[in-house]
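# A closer look at the structure
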Amino acid sequence: MYNLGDYHLSQDELQAFVQELAAQLGETDEQPLQLLEAVVENCGVEFAQQLLKDTLEIEAQGGLIVKSGQRRRTTGGVFFY
């Protein structure tokens, strides 16, 4: 059982939450999935939900450009940035 803020998640619930987050961010590779799990485990569900909300708001306003200026960051890239 994980005590994540006001939430208490089993391993299966944690994995389901991370998968849901990953789907919303368009992340499928193993490394970002591990990073998402680490964010939830270390910062909590509420933090991850707020970060997702902020990410989606940034995306709705046109997103963020990568450092080189060549393209926009992916939705997952905005979340991790």
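From a predicted model like this one, the values you see are computed outputs, not experimental measurements.

### Points about the packing of aromatic side chains
Counted under the stated rule, the structure contains one aromatic pair. Ring geometry for Phe79 against Phe80: centres 5.4 Å apart, planes inclined by 90°, an arrangement best described as edge-to-face.

### Comments concerning the pattern of salt bridges
Applying the stated criterion across every chain, the model contains one salt bridge. The partner of Glu59 in a salt bridge is Arg72, with the nearest N and O atoms 2.9 Å apart. Taken as a pair, Glu59 in helix α3 (residues 45-60) and Arg72 in the loop between α3 and α4 (75-80) lie far apart in primary sequence, 13 residues in all.

### Re the environment of Leu25
Along the chain, Leu25 falls in helix α1 (residues 11-25). Judged by its relative accessible area of 3%, Leu25 falls in the buried class. For the pair Leu25 and Thr75, spaced 50 residues apart in sequence, the C-alpha to C-alpha distance is 5.3 Å. Contacts of Leu25, omitting those with residues within four sequence positions, involve Leu36, Leu52, Thr55, Thr75, Gly76 and Phe79.

### Examining the packing of α1 against helix α2 (residues 30-43)
At a minimum axis distance of 10 Å, the contact between α1 and α2 shows a crossing angle of 120°. Looking at the two axes, α1 sits oblique to α2. α2 is crossed by α1, and the crossing has right-handed handedness. Contact residues: Gln11, Leu14, Gln15, Phe17, Val18, Gln19, Leu21, Ala22 and Leu25 in α1; Leu33, Leu36, Glu37, Val40 and Glu41 in α2. Split into classes, the residues belonging to the contact of α1 with α2 amount to nine nonpolar, three polar and two charged.

Scoring rules and cut-offs
- Residues numbered from 1 in each chain as written.
- Predicted model: local features only at pLDDT ≥ 70, side-chain atom pairs only at ≥ 80, totals over all residues.
- Heavy atoms only, no water.
- Phe/Tyr/Trp six-rings, centres within 6.5 Å; stacked < 30°, edge-to-face > 60°.
- Salt bridge = Lys/Arg side-chain N within 4 Å of Asp/Glu carboxyl O.
- Helix = DSSP H or I, 4+ residues; strand = E, 2+ residues; numbered from the N terminus.
- Buried < 20%, exposed > 50% of the residue type's maximum accessible area, 1.4 Å probe, protein only.
- Contact = heavy atoms within 4.5 Å.
- Axes fitted to C-alpha atoms, helices over the stretch in contact; angles between N-to-C directions.
- Parallel < 35°, antiparallel > 145°, perpendicular 65-115°, else oblique.
- Left-handed = near helix turned anticlockwise from the far one by under 90°.
- Nonpolar A, V, L, I, M, F, W, Y, C, P; charged D, E, K, R; others polar.

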